[in-house]
Amino acid sequence: MQRAFIAILTFSLGTAGAAPRYLCTYYDVVEYLNISSHSKLHAHILPKTDLKEPVEVKMDFMLVAILSVVEKLQTVTFYIVLNLEWENTFATWDPQDFCNISKVILPTDTYWSPTVFILERVNGQNSNLDYMAIMHNGSFKSSQPFQVTLTCSLMIFKFPFDTQTCNLSIASFLYPVTDLVMKTKRTPAEMMKDSQSYFLTDGEWKFTNLSIIEYREGLDDEEFSVVTYVISMERRPTLYILNLILPTCALYLLDMAVLFGPSSLEEKISFQIAIILGSSMLAVILNNILPTSSNKPPIIVVFFLGTFLLMIMAVLDTFFLLHQQHKSLRLDKVLGSFQQDAHAEPAMRAMTKQTTKHLAKAGTQLLNLPKKAQENRQPAKPHWQPQEQDPFLLVLEKVLLYSHFFLSLFFFAIISVKWSS
């Protein structure tokens, strides 16, 4: 009974009586400098017993949710859980001396714990789980959930059929690699399997892949250990197809139907302008989604711009046909008046050659001519009749319509190939 009480008292004071003393440790240096009391040393000093061997921190990563992706700001918000494990030989005890107690939960500030930095972090909430598990053999385990907002270079060239890759780099710039090394505990496949089993969100983005890169970052003539988790996610495009792409295609098909329809050219122009106004509203919606700057325009922007230009081209074709139609009508009127003048001139010459002797008789015959024509019910045939439609206009209209149709097919084929590649 007395032996157990002495052991518990020894452990509560932080001495962990089983731990041996070394002459070359960080604890000896701090005691010699008398920086702080011995009760606070465990929370601030790296638990390193050999200066040649660094402390190894093993990390385990799990992605719980993709909360938001903001293309305008180029940021991504994740909810993650980061598990850390390390060894501290100064905190050990024999479970047999304490009724087989091999694990205790203590606050994080009781002993030293690695301070990690997320390099891409721009905002977020820190973990509120300020406790860690301590095993009898000196093994420490800490689980910290984070809601973190990262900056990510979003490549939206294939929006909304895009796949994004964001990096989450974890490092501890307080200790170089000679003092602390960060490594992964499990393989990327195992972390990927656990992340997908605990993944909570089922929204716009789908978690597709996870890879790990371990490297050393040089800073101020020192090297620091960095572990980068490369998170790949794929956008679910169903909403954008239903709200943007399909309405645009429907408006363009309606524009083509009006262009090939039997309506007059004036009615076609009014319908086409109304369709263009409807398409411009969809372009405004797209402009509010996409970021303001990009290396090259996304395919969906080229798609909207191409369909808009094709609609404008259809309106211009209709205006050109209307202009040619009015020009042909004016030409027909000029030709008709010229032919009427050409037929009237010989008749007037013949009448001037007649003598005054036969003027009365000729006048009587001219007066009786309409009556005879009325009795015979044969109307006088005009010398010129305007054509209903110029054959040249028919050929020109077919050429413009079919060239516009094949140009549209070529454009949509190129867009489809770029999206699918």
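Residues numbered from 1 in each chain as written. Predicted model: local features only at pLDDT ≥ 70, side-chain atom pairs only at ≥ 80, totals over all residues. Heavy atoms only, no water.

Description of the state of the cysteines
Two cysteines joined by a covalent bond between their sulfur atoms form a disulfide. Following the criterion strictly, the structure yields one disulfide and no others. For C152, the disulfide goes to C166, at an S-S distance of 2.1 Å. Across the S-S bond linking C152 and C166, the dihedral sits near -90 degrees, which makes this disulfide left-handed. Taken together, the residues span a long stretch of sequence, with C152 in the loop between β7 (139–151) and β8 (163–171) and C166 in strand β8 at a distance of 14 residues. A residue is classified by how much of its surface remains accessible, and C152, at 5% relative accessible area, is buried. (Disulfide = S-S within 2.5 Å. Helix = DSSP H or I, 4+ residues; strand = E, 2+ residues; numbered from the N terminus. Buried < 20%, exposed > 50% of the residue type's maximum accessible area, 1.4 Å probe, protein only.)

Quick look at helix α6 (residues 265–289)
With 25 residues, α6 extends 37 Å between its outermost C-alpha atoms, agreeing within 8% with the 36 Å of an ideal straight helix rising 1.5 Å per residue. Every buried residue belonging to α6 is among L265, K268, I269, Q272, I275, I276, S279, L282 and L286, and all of these are buried. (Expected span 1.5 Å × (residues − 1).)

What about the side chain of K48?
Tracing the chain through its elements places K48 in the loop between α3 (41–44) and β1 (55–70). Polar side-chain contacts of K48 include one of 2.6 Å to the side chain of D179. (Polar contact = N/O pair within 3.5 Å; in protein donor to acceptor, adjacent residues only side chain to side chain.)

Let's talk about the pattern of salt bridges
Counted under the stated rule, the structure contains 10 salt bridges. In this structure, E71 engages R235 in a salt bridge whose closest nitrogen and oxygen atoms are separated by 2.9 Å. Of the two residues, E71 is situated in the loop between β1 and β2 (75–87) and R235 in strand β11 (residues 222–235); the sequence distance between them amounts to 164 residues. With relative accessibility at 8%, the residue E71 sits in the buried group. As a salt-bridge pair, D194 and R186 come within 2.4 Å of each other at their nearest N and O atoms. (Salt bridge = Lys/Arg side-chain N within 4 Å of Asp/Glu carboxyl O.)

So, helix α5 (residues 238–260)
Working note: α-helix, 3.6 residues per turn, so residues spaced by three or four point in the same direction. Along its 23 residues, α5 runs 31 Å from first to last C-alpha, staying within 8% of the 33 Å computed at 1.5 Å per residue. Along α5, the helix axis deviates most sharply at I245, where the bend reaches about 30 degrees; the proline P247 sits within four residues downstream. The set of residues buried in α5 consists of Y240, L244, I245, T248, Y252, D255, M256, V258 and L259. (Bend = angle between axes of the 7 residues up to and from the residue.)

Observations concerning the layout of surface pockets
Empty space among the atoms becomes apparent when a probe as large as a water molecule is rolled across them. Quantified by volume, the largest pocket comes out at close to 450 Å³. If you go around the largest pocket, you meet 22 residues; those closest to its centre are S113, P114, T115, V116 and Q144. Every element with two or more residues in the lining of the largest pocket is listed here: β4 (117–118) and β7. With three residues, β7 is the largest single contributor of residues to the lining of the largest pocket. The residue makeup of the lining of the largest pocket, split by class, is 12 nonpolar, seven polar and three charged. (1 Å grid on protein atoms, 1.4 Å probe; cavity = no way out; pocket = protein on both sides within 12 Å on 5 of 7 lines; lining within 4 Å. Points joined across faces, edges and corners; volume = space filled by probe spheres on them. Nonpolar A, V, L, I, M, F, W, Y, C, P; charged D, E, K, R; others polar.)

Concerning the confidence of the model for the chain
Do not read the predicted coordinates in detail wherever pLDDT is low. Averaged over every residue, the pLDDT of the chain is 77; the share at 70 or more is 74%. Within the model, pLDDT remains below 50 along residues 1–23, and this stretch shows 27 contacts once partners closer than five positions in the same chain are excluded. Between residues 380–387, whose pLDDT stays under 50, and residues either more than four places distant or in other chains, the model counts five contacts. (pLDDT = per-residue confidence, 0-100. Contact = heavy atoms within 4.5 Å.)

Some words on the nonpolar core
By size, the foremost hydrophobic cluster in this structure holds 70 residues, and its most contacted members are F78 and Y229. In this structure, I269, L321, L322 and L400 belong to the second largest nonpolar core, which totals six residues. (Core = buried A, V, L, I, M, F, W, Y, C linked by side-chain atoms within 4.5 Å.)

What to know about the pairing of β1
The side chains of a regular strand alternate between the sheet's two faces. As paired strands, β1 and strand β9 (residues 180–184) are joined by five bridges and run parallel to one another. Residue pairing for β9: V55 is matched across the bridge by L180. Note: β1 against β2, 11 bridges, orientation antiparallel. Among the inter-strand pairings, S68 is bridged to a residue of β2, identified as T77. (Pairing = 2+ DSSP bridges.)

Focus: the packing of aromatic side chains
Two measures describe an aromatic ring pair: the distance that separates the ring centres and the angle between the ring planes. Applying the stated rule across the entire model yields 18 aromatic pairs. Where F159 meets Y240, the ring centres are 4.9 Å apart and the plane angle is 65 degrees; that geometry is what we call edge-to-face. Of this pair, F159 sits in the loop between β7 and β8 while Y240 sits in helix α5, and the two are 81 residues apart along the sequence. Among the residues examined, F159 registers a relative accessible area of 0% and is labelled buried. Aromatic side chains F405 and F406 sit 5.6 Å apart centroid to centroid with 70 degrees between the ring planes, which places their arrangement in the edge-to-face category. Pairwise contacts between aromatic rings join F161, Y252, F303, F304, F411, F412 and W419 into one cluster. (Phe/Tyr/Trp six-rings, centres within 6.5 Å; stacked < 30°, edge-to-face > 60°.)

Thoughts on the sheet that holds β4
The pairing of strands in a sheet happens through backbone hydrogen bonds and is either parallel or antiparallel. Across the sheet, which stays open at both edges, the four strands sit in the order β4-β8-β11-β10 with antiparallel pairing between neighbours. The sheet is open, and its two borders are formed by β4 and β10 (205–219), each paired with just one other strand. Bridge count between β4 and β8: two bridges; the pairing is antiparallel. From the neighbouring strand, I118 faces β8, where its bridge partner is I170. Where helix α4 (residues 188–198) meets the sheet, it contacts β10 and β11, and its direction lies at approximately 135 degrees from that of β10. (Axes fitted to C-alpha atoms, helices over the stretch in contact; angles between N-to-C directions.)

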